[in-house]
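# Chain and residue survey
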Amino acid sequence: MSQLLKELEEKYRPGVELLKEKGYYEQTISEVYYLIKYLDANWVVRLLSENLFSDIQGVFSLFIREELKDIYHDLEVAGDLPLNDLLNRNYVNLEILLKCATSLNYQVKSIMKTPDVRNLKFKSRFLEIISRKFNGEIQSYFKILQENYKKYFRKKFTFDFKEKNIVSLQCLRNLASDYDMNFISEVLHFQALSAAIHFVKDLFMKELENKVNQQIQPIVNHHHKFNKLIIYFINDLKRSFIQSLIQQFRKGKNFDWIKSGLEEYIHSERFARLLKKVIFQTFSIIHTSRPRAEFQQK
């Protein structure tokens, strides 16, 4: 048994015991593993590409508003500045982008938060059957709880309150017993059902996260290729935007006009289509060219 499974069993023990009691546990585990096992690798690579593009788009929006604004002010003071000096400056936002983009942990966590992952659909007849049976049990438990609720308050309203403001240990024992008999056992059923659902949900999420990690790790771990690729993307865009800024500055355009044009471009459909295509194709090549042994990693 994996460490992950042990931890989830311990965390959701009432739910695990319920699944075992119903004879669903082993098949549930197998079903989750099966559904995750055949997840499309190209889909994961595309998510990595989309995530990198989103980061690039977001960070370069900041780069336009902040770093390019500083460069524009420097140009106003100096009149002109060597392009290489501007390219070789340290830009905090771009350094953060490089650090995050080349981090496996960051990429995996970011991908797991995307709507594509959260809304990912799996077709499973077995899990659908379990869901229907548990829904039936919920209705049954609720009916019992309703009846017990009526009996409890019926008993209280018919109680003879001759001695007001009097409390005894026997009174408290009876009250505790009534609560336990009428409510607690049914509430524990609901808690076990909730724990079972959380167990399956967390197992799904953790196994999916492991699968995403497994698929993109070979890409990110090709440091000589991946880091060089990210640096290329960043430097190419940095050069393009700085050159555009200088050109428009020389034409007498103010910074707000330049900023507006660059922001419109970076959020345009054309920019998204071209950059996403390049990133995805490049990642696909790295992914499919990894050594055969890496395909066998679990």
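Residues numbered from 1 in each chain as written. Predicted model: local features only at pLDDT ≥ 70, side-chain atom pairs only at ≥ 80, totals over all residues. Heavy atoms only, no water.

## Quick word on the overall build of the protein
Each helix and strand counted, the protein has 15 helices and 0 strands in total. Over its C-alpha atoms the protein spans a radius of gyration of 30 Å, topping by over 25% the 19 Å that the globule rule assigns to 298 residues. The C-alpha extent of the protein, read off along each of the three principal axes, is 95 × 55 × 30 Å. By sequence separation, contacts in the protein at least 24 residues apart represent 89% of the contacts at least 6 residues apart. (Helix = DSSP H or I, 4+ residues; strand = E, 2+ residues; numbered from the N terminus. Rg over C-alpha atoms; globule rule 2.2 N^0.38 Å. Contact = heavy atoms within 4.5 Å.)

## Quick notes on helix α14 (residues 269–288)
The end-to-end C-alpha separation of α14 is 28 Å, in line with the 28 Å expected for 20 residues at 1.5 Å each. Of the residues making up α14, those classed as buried are Phe271, Ala272, Leu275, Ile279, Phe280, Phe283, Ser284, Ile286 and His287. Taken around the axis of α14, the buried residues stretch over an arc of 165°, which confines them to a single face. Summarising the geometry of α14, the exposed residues directed more than 90 degrees from the buried face are Lys277, Ile285 and Thr288. (Expected span 1.5 Å × (residues − 1). Buried < 20%, exposed > 50% of the residue type's maximum accessible area, 1.4 Å probe, protein only. Arc of directions from axis to C-beta.)

## Re the side chain of Glu67
Along the chain, Glu67 turns up in helix α5 (residues 67–78). Arg65 is the oppositely charged side chain nearest to the buried, salt-bridge-free Glu67, at an N-O distance of 9.0 Å. What Glu67 contacts, discounting residues up to four positions off in sequence, is Leu62, Tyr91, Val92 and Asn93. (Lys, Arg positive; Asp, Glu negative; His and termini not counted. Salt bridge = Lys/Arg side-chain N within 4 Å of Asp/Glu carboxyl O.)

## A word on the packing of helix α1 (residues 3–11) against helix α2 (residues 13–22)
Contact pair α1 / α2: the axes reach a minimum separation of 5 Å and the direction vectors enclose 100°. Considered as vectors, α1 and α2 are oriented roughly perpendicular to each other. Facing α1, whose interface residues are Glu9, Glu10 and Lys11, α2 presents Arg13, Val16 and Lys20. Counted by class, the contact of α1 with α2 contains 1 nonpolar, no polar and 5 charged residues. (Axes fitted to C-alpha atoms, helices over the stretch in contact; angles between N-to-C directions. Parallel < 35°, antiparallel > 145°, perpendicular 65-115°, else oblique. Nonpolar A, V, L, I, M, F, W, Y, C, P; charged D, E, K, R; others polar.)

## Things to note about helix α7 (residues 92–101)
Residues of α7 that are buried: Asn93, Leu94, Leu97 and Ala101. With its buried residues spanning 95° around the axis, α7 presents them on a single face. When the buried face of α7 is taken as reference, the exposed residues oriented beyond 90 degrees from it are Val92 and Lys99.

## Brief notes about the pattern of salt bridges
Inspection of every chain in the model, using the stated rule, returns 13 salt bridges. The salt bridge partner of Lys150 is Glu147, with a shortest N-O separation of 3.9 Å. One end of the pair is Lys150 and the other is Glu147, both in helix α10 (residues 125–157) and 3 residues apart, which spans about a single turn. Among the residues examined, Lys150 registers a relative accessible area of 44% and is labelled partly exposed.

## Some words on the confidence of the model for the protein
Scored by pLDDT, the protein comes out at a mean of 86, with 91% of its residues at no less than 70. Model confidence for the protein, summarised as mean pLDDT per element, is weakest for helix α15 (residues 292–295) at 40 and strongest for helix α13 (residues 255–266) at 95. Note that residues 291–298 has pLDDT below 50 and, in this model, 5 contacts with residues that lie over four places away or in other chains. (pLDDT = per-residue confidence, 0-100.)

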